[in-house]
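A structural walkthrough
Letter by letter, the chains look like this.
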Amino acid sequence: MAVSLPDESSRLRCGHCGNLTRFDVTRTVRSREYWHASLSGEVAVEEHEVLAEQVEAVTCRWCSASDHVEVVSRPEFGGPSQETPGDGGV
Ligand SMILES: [Zn+2]
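These notes cover the structure that comes with them. What you are looking at is a predicted structure, and each value in this text was computed from that prediction instead of being measured. (Residues numbered from 1 in each chain as written. Predicted model: local features only at pLDDT ≥ 70, side-chain atom pairs only at ≥ 80, totals over all residues. Heavy atoms only, no water.)

**Structural notes on the coordination of the zinc ion**
Put simply, a metal with four donors set out as a tetrahedron has ideal angles of 109.5 degrees, and one with six donors set out as an octahedron has ideal angles of 90 or 180 degrees. Donor atoms from the polypeptide that coordinate the zinc ion comprise Cys14 (SG), Cys17 (SG), Cys60 (SG) and Cys63 (SG), at 2.3 to 2.4 Å from the metal. Angles of 101 to 115° at the metal separate the four donor atoms of the zinc ion, which places the site in the tetrahedral class. Along the chain, the residues that donate to the zinc ion are spaced as C-x2-C-x42-C-x2-C. Pair noted here: Cys17 is in the loop between strand E1 (10-14) and strand E2 (23-37) and Cys63 is in the loop between strand E3 (43-60) and strand E4 (69-73), with a separation of 46 residues, a long-range link. Classification of Cys17 as buried rests on a relative accessible area of 16%. (Donors = N, O, S within 2.8 Å, 3.2 Å for Na, K, Ca; no water. Tetrahedral: all angles 85-135°; square planar, octahedral: opposite > 155°, others 65-115°. Helix = DSSP H or I, 4+ residues; strand = E, 2+ residues; numbered from the N terminus. Buried < 20%, exposed > 50% of the residue type's maximum accessible area, 1.4 Å probe, protein only.)

Right, here's the structure in full:
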């Protein structure tokens, strides 16, 4: 199942165990960074812009399910705020 990442009004939820907070996200990111080096050569990345990304897998850290992770609303938009397994958020 292709998984998209949540935006400002949504979040990830594991539909299997109810986990809302801990996920492994595997993604390929094409990005551009502004590298600002000091005169001694130490680099600080001061800007990081994502040009394109491909989410390959989102896996629950609690139960290791990778095919039950869904995107639901955040609590202030009517989504779940408790990590309960079962039918919440569907
Ligand atoms: Zn889970």
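**Describing the side chain of Ser10**
Counting through the fold element by element, Ser10 comes out in strand E1. For Ser10, the side chain forms a polar contact with the main-chain nitrogen of Asp7, separated by 2.9 Å. With near-sequence residues (within four places) excluded, Ser10 lies in contact with Val71, Val72, Ser73 and Arg74. (Polar contact = N/O pair within 3.5 Å; in protein donor to acceptor, adjacent residues only side chain to side chain. Contact = heavy atoms within 4.5 Å.)

**Brief notes about the pattern of salt bridges**
Across all of its chains, the model carries four salt bridges by this definition. For Arg27, the salt bridge goes to Glu53, with nearest N and O atoms at 2.6 Å. Here Arg27 is found in strand E2, whereas its partner Glu53 is found in strand E3, with 26 residues between them in sequence. On the basis of relative accessible area, Arg27 is assigned to the partly exposed category, the value being 43%. The exposure class of Glu53 is partly exposed, given its relative accessible area of 38%. (Salt bridge = Lys/Arg side-chain N within 4 Å of Asp/Glu carboxyl O.)

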